[in-house]
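# Structural overview
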Amino acid sequence: MLIIAGLGNPGSKYASNRHNIGFMAVDVIHRRHNFSSWSKKFKSEIAEGEIGGERVLLMKPQTFMNLSGEAVGEAMRFHKLHPKDITVIYDELDLPAAKARIKVGGGHGGHNGIKSIDAHCGKEYRRLRLGIGHPGVKDLVHAHVLGDFAKVDQTWLVPLLDAIADNADMLVRGEDSQLLNKIALATGGKPDEDKPQAQKKQGAQSHIHQARNSAQPKKLPTSGPMADMLKKLFGPKGD
């Protein structure tokens with residue numbers, strides 16, 4: 001079994017918050033695929049089903065964000081799973097809106113839900129981070145995160161969530177780059193924006209090569225006004 005846990009805060013008050021994009025993603029996955037009705041277990045709303053031939057447990061922890069690890073950790077231990085069997089979907093303040101990134105392990109980046117899961121499950125689980133953008137000023141972060149998505153955000157939010165749900169089999173199989181390409185195309189981005197860093201560096205090196213090649217000394221003129229001026233400045237060759 002695999003666990004896909006979306007993070008958020010329970011209750012209608014928080015339902016449309018940017019901080020609840022993890023809940024939203026899991027809800028759309030639930031609607032798109034053959035899952036049981038939501039029930040309550042492991043301090044969560046859970047549903048069981050199958051994606052891409054794999055048994056999947058969807059989770060929406062009801063502990064409030066800061067204690068998400070209590071719920072996910074309880075489910076992991078009950079099913080005798082390991083961190084590698086868990087994928088967590090959550091909001092990323094430091095990613096532009098509509099961007100997505102996937103990684104295994106890493107730091108919590110100040111995200112209290114991830115900090116809690118690290119403490120209860122270990123760090124080597126997969127993280128699907130969904131960008132919600134930064135308000136630009138530290139003092140506005142709290143209101144931004146716990147504020148509702150604006151109407152204009154629906155132009156990228158709906159395609160983003162649909163792309164995740166429609167391609168959830170890629171998420172289950174660990175086809176991360178393919179999934180990120182699907183998300184980028186759905187939200188109007190470019191697939192190559194999500195290439196691995198090694199490929200980006202390789203591309204950067206080729207640009208440096210080009211710059212170096214273009215910087216090779218050019219052949220000096222042998223006739224005309226410029227040639228006459230150079231002769232006056234430096235004299236004939238061999239002087």
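Residues numbered from 1 in each chain as written. Predicted model: local features only at pLDDT ≥ 70, side-chain atom pairs only at ≥ 80, totals over all residues. Heavy atoms only, no water.

- Taking an unreviewed UniProt entry as the reference, the protein is identified by name as Peptidyl-tRNA hydrolase belonging to Ensifer canadensis.
- Heading Catalytic activity (unreviewed entry) of the UniProt record for the protein holds this comment: "an N-acyl-L-alpha-aminoacyl-tRNA + H2O = an N-acyl-L-amino acid + a tRNA + H(+)".
- What UniProt records for the protein under Subunit (unreviewed entry) is the sentence "Monomer." (UniProt positions renumbered as here; feature names shortened; annotations may be inferred.)

### Thoughts on the overall build of the protein
- Each helix and strand in the protein was counted, giving nine helices and seven strands.
- Considering only residue pairs separated by 6 or more positions, the protein has 63% of its internal contacts joining residues 24 or more positions apart.
- As displayed, the protein has an accessible area near 13400 Å², and 53% of this comes from carbon and sulfur atoms. (Helix = DSSP H or I, 4+ residues; strand = E, 2+ residues; numbered from the N terminus. Contact = heavy atoms within 4.5 Å. Areas by Shrake-Rupley, 256 points an atom, 1.4 Å probe, with all protein chains shown as cover.)

### Quick notes on the packing of helix α5 (residues 154–166) against helix α7 (residues 176–186)
- Packing of α5 against α7 brings their axes to within 9 Å, and their N-to-C directions diverge by 150 degrees. Accordingly, the angle class assigned to the pair α5 and α7 is roughly antiparallel. Both α5 and α7 take part in a crossing whose hand is right-handed. On α7, the residues touching P159, L160, A163 and I164 of α5 are L179, K182, I183 and A186.
- Taken together, the residues that form the contact of α5 with α7 break down as seven nonpolar, no polar and one charged. (Axes fitted to C-alpha atoms, helices over the stretch in contact; angles between N-to-C directions. Parallel < 35°, antiparallel > 145°, perpendicular 65-115°, else oblique. Left-handed = near helix turned anticlockwise from the far one by under 90°. Nonpolar A, V, L, I, M, F, W, Y, C, P; charged D, E, K, R; others polar.)

### Observations regarding the pairing of strand β7 (residues 126–131)
- Counting buried residues along β7, six of its six residues qualify, which places the element largely inside the surrounding structure.
- Residues R126, L128 and L130 of β7 are buried on one face, and the alternating residues R127, R129 and G131, pointing to the opposite face, are buried as well.
- Both strand β5 (residues 86–92) and β7 contribute to a ladder of six bridges, which runs parallel. Directly across from D91, in β7, lies its bridge partner L130.
- Direction of pairing for strand β6 (residues 100–104) relative to β7: antiparallel, over a ladder of five bridges. Across the sheet, residue A100 finds its bridge partner in β7, namely L130. (Buried < 20%, exposed > 50% of the residue type's maximum accessible area, 1.4 Å probe, protein only. Pairing = 2+ DSSP bridges.)

### Considerations on the environment of A165
- Along the polypeptide, A165 turns up in helix α5.
- On the basis of relative accessibility, which here comes to 0%, the residue A165 falls in the buried class.
- Remark: the alpha-carbon pair of A165 and A25, spanning 140 residues in sequence, is separated by 7.3 Å.
- Leave out the neighbours within four places in its chain, and A165 touches V28, I29, R32 and H33.

### With respect to the pattern of salt bridges
- As enumerated under the stated definition, the model contains 13 salt bridges in all.
- A salt bridge links E48 to R55; the nearest nitrogen and oxygen atoms lie 3.7 Å apart. (Salt bridge = Lys/Arg side-chain N within 4 Å of Asp/Glu carboxyl O.)

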